[in-house]
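Residues per chain, in single letters:
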Amino acid sequence: MEDNMTQLTSEPSVQSAAKTTTGFDASRRPYIWVNGDMVPKDEAKVSVYDHGLLYGDGIFEGIRVYNGKIFKCEQHMDRLYKCCDEIFIDLASHVSRQEMIDIQRKCIEANGIVNGYIRLVITRGVGTLGLNPYLCPTPGVICIADTIALYTPEMYEKGMRVVVAHRPKTPIACLDPRVKTLNYLNNIMAKCEAIHLGKKMGITDPSEQLLEVIMLSTEGKVAEGSGDNIFVVKDGKIITPPSEVGILEGITRRFVKDVLCPACDIEIEERLFELDEIYSADEVFLTGTAAEMIAVREVIEHVDLEVAKIHTITEGEGPITKKLRAMFTQVVTSDNVPED
Ligand code: PMP
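Residues numbered from 1 in each chain as written. Predicted model: local features only at pLDDT ≥ 70, side-chain atom pairs only at ≥ 80, totals over all residues. Heavy atoms only, no water.

Enquirer: Help me out: how do you make sense of the sheet that holds strand S4 (residues 69-70) in this one?
Expert: Two strands in a sheet stick together by hydrogen bonds in their backbones, pointing the same way (parallel) or opposite ways (antiparallel). One open sheet holds the 6 strands; their spatial order is S2-S1-S6-S5-S3-S4, and the pairing between them is antiparallel. The open sheet has two edge strands with one neighbour each: strand S2 (37-40) and S4. Pairing of strand S5 (residues 116-123) with strand S6 (residues 140-146) involves 7 bridges; the strand directions are antiparallel. Across the sheet, the residue bridging to Thr123 is Gly140, located in S6. Those strands touched by helix H3 (residues 97-110) are strand S1 (31-34), S2, strand S3 (58-66), S4, S5 and S6, and its axis lies near 35° from that of S6. (Pairing = 2+ DSSP bridges. Helix = DSSP H or I, 4+ residues; strand = E, 2+ residues; numbered from the N terminus. Contact = heavy atoms within 4.5 Å. Axes fitted to C-alpha atoms, helices over the stretch in contact; angles between N-to-C directions.)

In structure tokens form, the structure reads like this:
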């Protein structure tokens, strides 16, 4: 997922300086939009009194740019504004939806992005040291457009290894995971289980790294990864947990469900399930804006950071995951990348 991301490549996704006509000095890229100004990264600063920093009080979005188009822009805007409403940030009265799209286009242009990634961050804004959100009159708006590669190309080819996290998902009643808040510690702590286990196992091959987890609800139902949604393939059919289990309703998940599965004539069902269905699955894969689609090859159970059991799901990327991923690639590399 996009958090704790490693920038592995930055290839031809960015136009060369000679081709750009934006008036932005290419050697100072990336240019970042911060509260009304487009500034080079080293000048992109926020107040230490911003509640986004003090309390993780805000909302974010991770969005892909493919072929210069903002992939599923409208859906990302829907989620952004809905999530802001959920935490009582009245974003629309400060920045309209159209203005937010224009900010993203300006960032794409300033940075010469053809294929890349946009991070929108909306903070509660600058306030006092107290918690009161109503003392923060103006939300902060940050837009970063850059390139991204979460996992190595080998990981996509042979599938990744993931760890079952002991830390459960924050229950909906505490902080609804459907709201993409700046408070991602629940996910980060789960991800640390995988990273710490990988370290203990002495893994050095980058494509074998343990970078993602399977998180469960407090009732033991499969929920999602730290930054990705999860899918199980069994007997030609796909199953994914429903949002009521307490997961982010991923836009890539929706694309798989509403577009890719029907196009490939694959049945998909949303229902609750437990780890046994992961272990007995024919295939498992993850989806997310940053990760796109990636197969899970192996699922590792641990007890106090000692490996308890390794479940091999597939030897490499399974046939259904491969088919869906090929279609995904076909859509996002076409001349008609969908913005809605
Ligand atoms: N779950 C979580 C917890 C996430 O952070 C993300 C990434 N935003 C996803 C799922 C996937 O969502 P999307 O496809 O919208 O990126």
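Back to the text.
Enquirer: Help me understand a nonpolar patch on the surface, please; the structure alone is not making it clear to me.
Expert: A surface patch of nonpolar side chains, about 770 Å² in accessible area, is lined by Val48, Tyr49, Leu53, Leu54, Tyr55, Val126, Leu129 and Leu131. Looking at the element boundaries, Leu131 is found in the loop between S5 and S6. (Patch = residues over 30% accessible without salt bridge, like charges linked within 9 Å, V, L, I, M, F, W, Y side chains within 5 Å. Areas by Shrake-Rupley, 256 points an atom, 1.4 Å probe, with all protein chains shown as cover. Salt bridge = Lys/Arg side-chain N within 4 Å of Asp/Glu carboxyl O.)

Enquirer: I'm lost on the pattern of salt bridges in this one. Help?
Expert: Two side chains of opposite charge can pair, provided their charged atoms sit close to one another. Applying the stated criterion across every chain yields a total of 27 salt bridges. Between Lys221 and Glu274 there is a salt bridge whose closest N-O contact spans 2.6 Å. Pair noted here: Lys221 is in the loop between strand S8 (212-216) and strand S9 (222-224) and Glu274 is in the loop between strand S12 (268-270) and helix H7 (275-279), with a separation of 53 residues, a long-range link. A relative accessible area of 36% places Glu274 in the partly exposed class. Close ionic contact of Glu270 with Lys257 constitutes a salt bridge, the shortest N to O distance being 3.0 Å. Of the two residues, Glu270 is situated in strand S12 and Lys257 in helix H6 (residues 251-263); the sequence distance between them amounts to 13 residues. Among the residues examined, Lys257 registers a relative accessible area of 21% and is labelled partly exposed. One continuous salt-bridge network, built from bridges that share partners, spans Lys158, Arg161, Glu208, Arg297 and Glu298. (Buried < 20%, exposed > 50% of the residue type's maximum accessible area, 1.4 Å probe, protein only.)

Enquirer: When you look at the nonpolar core in this model, what are you seeing that I'm missing?
Expert: Of all hydrophobic cores here, the largest spans 31 residues; its most connected members are Met77, Leu80, Leu91 and Met100. Counting residues per element, the ones that place at least two in this core are S1, S3, helix H2 (73-86), H3, S5 and S6. For Leu91, the residues in contact, after removing those within four places along its chain, are Leu80, Tyr81, Cys84, Met100, Ile122 and Val141. The next biggest cluster of nonpolar side chains, apart from the first, holds 28 residues, and it includes Tyr117, Leu150, Val222 and Ala281. (Core = buried A, V, L, I, M, F, W, Y, C linked by side-chain atoms within 4.5 Å.)

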